[in-house]
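Spelled out from the first residue to the last, the chains are:
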Amino acid sequence: MLQGWGIWALGGVQRIGRAHIFLAHVLLGLPGLLLRLRLLVREMYVVGVLSMLLIAISGLFVGMVLALQGHNVLSEFDAEQSLGVLVAASLVRELGPVVTALLFSGRAGSALTAEIGLMKATEQLSGMEMMAVDPIKRVVAPRFFAGLLSMPLLAALFSMVGVLGGYFVGVGLLGVDEGAFWAQMQAKIDFEEDIINGIIKSLVFGLIVTWIAVFEGYDAVPTAEGVSRATTRSVVYSAFAVLGSDFVLTALMLRGE
Amino acid sequence: MHSRVVEIWVGLFVGIGFLALFFLAMKVSNLGELSSSREGYTLFARFENTGNLKVRAPVSMAGVTIGRVKSIRFDKATYDAVVEMRIDPQYDTLPEDTSASILTAGLLGEQFIGLTAGALETYLKDGDQLELTQSALVLEQLISRFLFNKAEGGDKKADASAAAESK
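Please read all numbers here as calculations on a predicted model, not as lab measurements. Counting from 1, residues in each chain are numbered in the order their sequence is written. Labels follow written order: the first chain is A, the first ligand is 1, and so on. Totals for whole chains, interfaces and linings use every residue, but because this is a predicted model, local features are given only for residues with pLDDT of at least 70 and side-chain atom pairs only at 80 or more, for both listing and counting. Only hydrogens and water are set aside; all other atoms, that is, all heavy atoms of the structure, feed into the side-chain values.

Peer 1: Please clarify how the overall build of chain B should be interpreted in this entry.
Peer 2: Strands are runs of DSSP state E lasting at least two residues, helices are runs of H or I lasting at least four, and both sets are numbered from the N terminus onward. Looking only at helices and strands, one finds 3 helices and 8 strands in chain B. Three exposure classes are used, based on accessible area relative to the maximum for each residue type with a 1.4 Å probe and protein chains only: buried under 20%, partly exposed in between, and exposed over 50%. Across the 167 residues in chain B, those meeting the buried criterion constitute 32%. At a minimum sequence separation of 6, the contacts of chain B that also span at least 24 residues come to 63%. With the model as given, the accessible surface of chain B reaches about 10800 Å², and the carbon-plus-sulfur share is 59%. Residues count as neighbours in contact if any of their non-hydrogen atoms are within 4.5 Å of one another. Each accessible area is a Shrake-Rupley result for a 1.4 Å probe, and residues are judged covered by the shown protein chains and nothing else.

Peer 1: What is the right way to read the pattern of salt bridges from this model?
Peer 2: When their charged atoms lie close together, side chains carrying opposite charge are able to pair. Salt bridge, as applied in this entry: a Lys or Arg side-chain nitrogen positioned within 4 Å of an Asp or Glu carboxyl oxygen. If you walk through the whole model with that rule in mind, you get 14 salt bridges over all chains. Close ionic contact of Asp246(A) with Lys201(A) constitutes a salt bridge, the shortest N to O distance being 3.1 Å. One end of the pair, Asp246(A), is in helix H9 (residues 224–255); the other, Lys201(A), is in helix H8 (residues 191–218), and 45 residues separate them in sequence. Grouping residues by exposure puts Asp246(A) and Lys201(A) together as buried. Residue Arg46(B) is joined to Asp75(B) by a salt bridge in which the shortest nitrogen-to-oxygen separation is 2.9 Å. Here the residue Arg46(B) occupies a position in strand E1 (residues 41–47), and Asp75(B) occupies one in strand E3 (residues 64–75), the gap between them amounting to 29 residues. Taking the relative accessible area as the measure of exposure, Asp75(B) reaches 17% and is therefore buried.

Peer 1: Is there a simple way to explain a nonpolar patch on the surface in this structure?
Peer 2: Side chains of Leu137(B), Leu139(B), Leu142(B), Ile143(B), Phe146(B) and Leu147(B) sit close together on the surface and give an oily, nonpolar patch of about 630 Å² of accessible area. Mapped onto the elements of the fold, Leu137(B) is located in the loop between strand E8 (132–134) and helix H3 (139–166). Only residues whose relative accessible area exceeds 30% and that form no salt bridge enter a patch; like-charged residues are grouped when within 9 Å of one another, and nonpolar side chains (Val, Leu, Ile, Met, Phe, Trp, Tyr) when within 5 Å.

Peer 1: When you look at the packing of aromatic side chains in this model, what are you seeing that I'm missing?
Peer 2: Note on aromatic pairs: each is described by the distance of the centres and the angle between the planes. Centre distance within 6.5 Å is the pairing criterion for rings of Phe, Tyr and Trp, where only the six-membered ring of Trp is used; planes under 30 degrees apart are then read as stacked, over 60 as edge-to-face, and the remainder as tilted. Per the stated rule, a full pass over the model turns up 7 aromatic pairs over all chains. Measuring from centroid to centroid gives 6.5 Å for Phe74(B) and Tyr79(B), while their planes differ by 50°, and the two rings are tilted. Put simply, the rings of Tyr167(A), Phe168(A), Trp182(A) and Phe23(B) pair up and form one aromatic cluster.

Peer 1: Sorry, what's going on with empty space enclosed by the protein here?
Peer 2: The method is simple in principle: a probe with the dimensions of a water molecule rolls over the atoms, and the space it marks as empty is what remains. Definitions used throughout: a 1 Å grid over protein atoms alone; a cavity as a set of points that fits a 1.4 Å probe which cannot get out; a pocket as an open set with protein on both sides within 12 Å along at least five of seven lines; a lining residue as one with an atom within 4 Å of a point. Grid points are joined across faces, edges and corners, and a volume is the space filled by probe spheres set on the points. Under the criterion given, the structure shown has 1 cavity of 30 Å³ or more. Every residue lining the largest cavity is listed: Val92(A), Pro97(A), Pro152(A), Ala155(A), Ala156(A), Ser159(A), Ile195(A), Gly198(A), Ile199(A), Ser202(A) and Leu24(B). Side-chain classes follow a simple rule in which Ala, Val, Leu, Ile, Met, Phe, Trp, Tyr, Cys and Pro form the nonpolar group, Asp, Glu, Lys and Arg form the charged group, and the remainder, Gly included, forms the polar group. Looking at side-chain class alone, the lining of the largest cavity contains 8 nonpolar, 3 polar and no charged residues.

Peer 1: Is there a simple way to explain the domain arrangement of chain B in this structure?
Peer 2: Reports often express the size of an interface as the amount of accessible area lost when the parts come together. These domain boundaries are the output of an automatic or database domain assignment. Domains assigned within chain B are domain 1 (1–36), domain 2 (39–136) and domain 3 (137–167). Inter-centroid distance (C-alpha atoms) of domain 1 of chain B to domain 2 of chain B is 38 Å.

Peer 1: Honestly, the side chain of Ser60(B) in this entry has me stumped. Any pointers?
Peer 2: Residue and element names in this part refer to chain B. Position of Ser60 among the secondary structure elements: in strand E2 (residues 58–61). Judged by relative accessible area, which is 8%, Ser60 ranks as buried. Not counting chain neighbours up to four residues away, the residues in contact with Ser60 comprise Thr65, Ile66, Phe112, Ile113, Gly114 and Leu115.

Peer 1: Mind showing me how you'd approach the side chain of Ser71(B) here?
Peer 2: Residue and element names in this part refer to chain B. Residue placement: Ser71 occurs in strand E3. Residue class for Ser71 comes out buried when judged on its relative accessible area of 18%. Dropping the residues within four chain positions of it, Ser71 is found in contact with Val55, Val82, Val83 and Glu84.

Peer 1: Please explain the sheet that holds strand E6 (residues 111–116) of chain B as it appears in this structure.
Peer 2: Hydrogen bonds along the backbone pair up the strands of a sheet, which may run parallel or antiparallel. All names here are of chain B. The sheet built from 8 strands is open, its strands ordered E7-E1-E4-E3-E2-E6-E5-E8 with mixed pairing. Pairing within the sheet leaves two strands with one partner each, and these edge strands are strand E7 (128–130) and E8. Going from strand to strand, the sheet's axes swing by 30° on average, the running direction of each strand aside. What makes two strands pair is DSSP finding at least two bridges between them. Two strands pair when backbone bridges link them, and strand E5 (residues 99–104) and E8 are joined in this way by 3 bridges, in the parallel orientation. Directly across from Ser101, in E8, lies its bridge partner Gln134. Helix axes use the C-alpha atoms of the stretch in contact, all axes being lines fitted to C-alpha atoms, and the angles between their N-to-C directions lie in the range 0 to 180 degrees.

Peer 1: Any chance you could explain the interface of chain A and chain B here in plain terms?
Peer 2: At the interface, 29 residues of chain A touch 25 residues of chain B. Taking both sides of the interface into account, the surface hidden between chain A and chain B amounts to around 2500 Å²; carbon and sulfur atoms contribute 78%. At the junction of chain A and chain B, the tally comes to 1 salt bridge. Among the ionic pairs, Arg38(A) bridges to Glu7(B), the shortest N-O distance being 3.5 Å. Contacts described as polar in this section are N or O atom pairs within 3.5 Å, which, within protein, must combine one atom able to donate a hydrogen with one able to accept it, while residues neighboring in sequence count only if both atoms come from side chains. Counting across the chain A and chain B interface gives 0 residue pairs in polar contact (both at pLDDT 80 or more). Simply put, the buried area is the total loss of 1.4 Å probe accessible area from both parts when two parts are fitted together.

Peer 1: Any chance you could explain the pairing of E2(B) here in plain terms?
Peer 2: The two faces of a sheet get side chains in turn, since along a regular strand they alternate between them. Residue and element names in this part refer to chain B. Pairing of E2 with E3, which is carried by 4 bridges, proceeds in the antiparallel orientation. Note on E3: the bridge partner recorded for Met61 is Val64. Linking E2 back to E3 in an antiparallel pair, the connection comprises 2 residues, with Ala62 at a positive phi of about 55°. Both E2 and E6 contribute to a ladder of 3 bridges, which runs parallel. Along E6, the bridge assignment pairs Met61 with Leu115.

Peer 1: Just checking my understanding: could you explain helix H6 (residues 135–173) of chain A for this structure?
Peer 2: Given 3.6 residues per helical turn, the α-helix brings residues three or four places apart onto the same face. Residues and elements named next belong to chain A. Helices are assigned an expected span. That span is 1.5 Å times one less than the residue count. With 39 residues, H6 should reach 57 Å at 1.5 Å per residue; the first-to-last C-alpha distance of 53 Å fits that figure. The largest bend in H6 is about 35°, located at Ala141, with the proline Pro142 one to four residues further on. Of all 39 residues in H6, 32 are buried; the element is thus mostly enclosed. You can read the cap of H6 off the contacts: a side-chain oxygen lies 3.0 Å from the backbone nitrogen of Ile136, and it is on Asp134. Where H6 terminates, the next one or two residues include Gly175, which has phi positive at roughly 75°. At every residue, the bend is computed as the angle between two fitted axes, covering the seven residues ending there and the seven beginning there respectively.

This is how it looks when you write it as structure tokens:
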């Protein structure tokens, strides 16, 4: 049994090491990718544009629920005017980047893993290698950078739609004063401490989610079962990594205050 | 899917993304205000105690925000705090004997600087210092002063009644 643990631990460490070498390899693919922007645009369509509707609708509902719940509690303290701050701060600081990353790993990350895994299973990747085309540069790098670029934009979209949803519910349905809603928001939300930190978070999450997704696909056992397991692992590991790193990032960002 | 359509959609996606970032920056956060606060002029005020005053706290007159606190420093020579305020350029007719006090918004709210206009007809200029200031109220000091007065008052009453009895 002890030996089993040892094998498991060593295997885990080896995978982490492979993942890092793989990431370095992918990053080296950037110069070649800049010469073929068309590939990047295609992948941004698959990864970003097709996730847009999902992200926008989720953001709308999250913002509306926040406004409802927040109003419920704040009205007990006669502080409904702070609803805008509550909605915007929780969206921009936490929910925007985190929920977007979780949805993104489910919508785009799993598709990336399955696609690359299937390419491996059907030996398209080895075929490319036979033709002296580096599959990491040709297949993985465009997908990776498309994910990395799409995440901050999607997170910003999520936050914007969420704030608007909160506005519709708070001001439209619950009768919070419109001026106070925006004015308190603008007074309390700091550009550098809140918005920039949110963007940094979403960039880091984008890196984590797409890295895990493409690596799991590339590292999948090339069978039908292997690809399915890799897809599951991609989503599960992404969720863990996003939530864990969110805690670390938040702790680092709040330390300065 | 034609690559033209794909490209248009990606362009749209990036456009919407940047629009959202712009919205967050200008409408949700304070960046819109910050750009205007770079203009204006600077006033200084010395306070014995700034309490919980923070940088970027509002400076208000008659309840209207007319500027922001830019920095709070400690002066080694005089042992008091020097607060630098940036006042919006359109409010350039503050009398020279304007006084500043540190107030609290509501019972538990943030602290801000309230200016009260004076009567002089000469106006404050960039870099001027406000002479009349009132420090922040510190709750502990207030309570201890109250208790102290109460105790003192109690003693006086006791003395008075003792004196009355002795008569």
